[in-house]
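Fold and contact review
Each chain is listed here by its residues.
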Amino acid sequence: MSRQMKDALVIGIPSKGRLQENANAFFARAGLNVKQAAGGREYVGRLSGVSGVAVAFLSASEIVSRLEDGSIHFGVTGEDLIREQLPDADNIVELVLPLGFGYADVIVAVPQSWIDVETMADLDDVALAFHRRHGRRLRIATKYLNLTRGFFAEHGIADYRIVESAGATEGAPAAGTAEAIVDITTTGSTLAANNLKILDDGVMLKSQANLVASLRADWSAGALKAASAMLDRIDAKLAAETQVVVTARGKVNRAKLTKELAAEFGCTAEPGDGALSVLCPREHLQAVATRLREGGADAVTVAAAEYIFRARNELLTRLRKRLRK
C-alpha cells in the first residue's frame, strides 16, 4: 500500500469501462470529483472536495476481495459480485447506498422449447426425469456458483450439477454443454436470441452498483472523519435532488399549514415569523402549492437547493451502527 493510501480513507473504484464512468459521475454530482494521477496510467487517485481520501482503481471483482480483507474502506461494485464472492456478505460489508446504475438481474433460464417448464418447481421435475432417463444430472452452466447453489437449495432442487462457464453462458444449451443456465441479463434480448426464457420465479437477484463499506477495514478516527464528510456531501446532494423549498407569501396560518403539510406530504417548515417556507418532496410540489394558495397565500415560489445538509445523516448513522462506533 502506498504512503498516500496508508493513513487515508480508501475508496475502490472500477478501473475502466462504463462502471468507472458512472462511478465518477456519481461522485461528481456531489462535487466530489475523482482525480486520477499521471494521465490515467496510475492506479491511485484522490477525491477532490474532501481531505484524507485516496482512490484505488481496481477491477469490480478485486474491489470485492479488497472489501473482504479490509484493505479498502469503501468500494463501488455490483451487488451480484458481493453476493457471489462473499457468501456471508452481511457480516463482512454494509451496502451503504444503491447508485442507480449497473443494473443486472441474476436469472435462471431454460430453452424456450421446454414449453411445460415455467417455474423452479417445474425445473425440479425435469431434473428428476432427466436423471432417470439419461443416467446423469441436469447441467446448469454459470459463473455464479455460490448464488446458484443457494437459490437451488431454497427451492429444494438437488438433482443437478454445475458446469462452470468460462465464456458466453447463454450459448451453453445450444452448444450442448448444459441444459439450463444461471446468468445476468439487463434487457433479456441476448437470452431471446439464444432461444432461452427466464423462469417465472427464476430471478435470483435484482442487482445494481452499490457504494459498499467494509466492516473489516481499519476505521481510524481519520478515516471516519473523511467518511463523515464524504457521506455528508452525498446525502446533502441526494436530499437536494428530491426536495424543493416552497415559500408562501400572504396571510396564511403558519401553524395550521405547517402541521397539515407535514402530515400529508412530509414537508418540514423553516422557523421564522415572515413568509412560510417549507422543504417538500418534489413529487408533491403541485399539491403543496395548491394547498398553500387555498390556505391564503398570495403567491407561492419554488427554489431548488444545491445541497440540503440535514441534522441526521442516515447513511453515516447506519454505517456507525454497523461499525459500533
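Residues numbered from 1 in each chain as written. Predicted model: local features only at pLDDT ≥ 70, side-chain atom pairs only at ≥ 80, totals over all residues. Heavy atoms only, no water.

1. With respect to the pattern of salt bridges
Taken as a whole, this structure holds 18 salt bridges when the rule is applied. As a salt-bridge pair, Arg291 and Glu264 come within 2.8 Å of each other at their nearest N and O atoms. In this pair, Arg291 sits in helix α11 (residues 285-294) while Glu264 sits in helix α10 (residues 254-265), placing the two residues 27 residues apart along the sequence. Shared partners join several salt bridges into a network, and the residues in it are Lys256, Glu260, Glu264 and Arg291. (Salt bridge = Lys/Arg side-chain N within 4 Å of Asp/Glu carboxyl O. Helix = DSSP H or I, 4+ residues; strand = E, 2+ residues; numbered from the N terminus.)

2. Considering the sheet that holds strand β11 (residues 196-207)
An order of β9-β8-β10-β7-β11 is seen for the five strands of this open sheet, with the pairing classed as mixed. Of all the strands in the sheet, just β9 (160-164) and β11 have a single pairing partner and so form its edges. Here the strands of the sheet are splayed against their neighbours by 25° on average, with no regard to which way each runs. Packing of helix α5 (residues 120-134) onto the sheet brings it into contact with β7 (104-111), β8 (138-142) and β11, and relative to β8 it is tilted by some 125°. Lying over the sheet, helix α6 (residues 145-154) contacts β7, β8, β9, β10 (180-185) and β11, oriented at roughly 165° with respect to β9. (Pairing = 2+ DSSP bridges. Axes fitted to C-alpha atoms, helices over the stretch in contact; angles between N-to-C directions. Contact = heavy atoms within 4.5 Å.)

3. Side note on helix α2 (residues 17-29)
Given a rise of 1.5 Å per residue, 13 residues ought to cover 18 Å, and the 19 Å separating the end C-alpha atoms of α2 matches this to within 8%. Those residues of α2 lying buried are Gln20, Ala23, Phe26 and Phe27. Buried residues of α2, viewed axially, fall in a sector of 125°; they line one side. Among the exposed residues of α2, those oriented more than 90 degrees off its buried face are Arg18 and Glu21. Where α2 ends, the next residue or the one after it, Gly31, has phi of about 75°, a positive value. (Expected span 1.5 Å × (residues − 1). Buried < 20%, exposed > 50% of the residue type's maximum accessible area, 1.4 Å probe, protein only. Arc of directions from axis to C-beta.)

4. Structural notes on the sheet that holds strand β3 (residues 44-47)
Read from one edge of the open sheet, seven strands run β2-β3-β4-β1-β5-β12-β6, paired in mixed fashion. What marks the edges here is a single partner per strand, and that holds for β2 (34-36) and β6 (93-98). The average angle at which neighbouring strand axes cross in this sheet is 30°, direction not considered. Strand direction decides the pairing type here: strand β1 (residues 9-14) and strand β5 (residues 74-78), joined by two bridges, are parallel. Bridge pairing links Ile11 to Phe74 in β5. Across the sheet, helix α9 (residues 221-242) lies against β1, β3, β4 (53-58), β5, β6 and β12 (209-214), angled at about 50° from β1, the strand it touches most. Where helix α12 (residues 314-323) meets the sheet, its contacts fall on β5, β6 and β12, and the angle it forms with β6 comes to roughly 170°.

5. Observations regarding the side chain of Asp124
Along the chain, the position of Asp124 falls in helix α5. Here Asp124 is buried and forms no salt bridge, its nearest opposite-charge partner Arg132 lying at an N-O distance of 9.3 Å. Discounting residues that sit within four places of it in the chain, Asp124 has contacts with Gly156 and Ile157. (Lys, Arg positive; Asp, Glu negative; His and termini not counted.)

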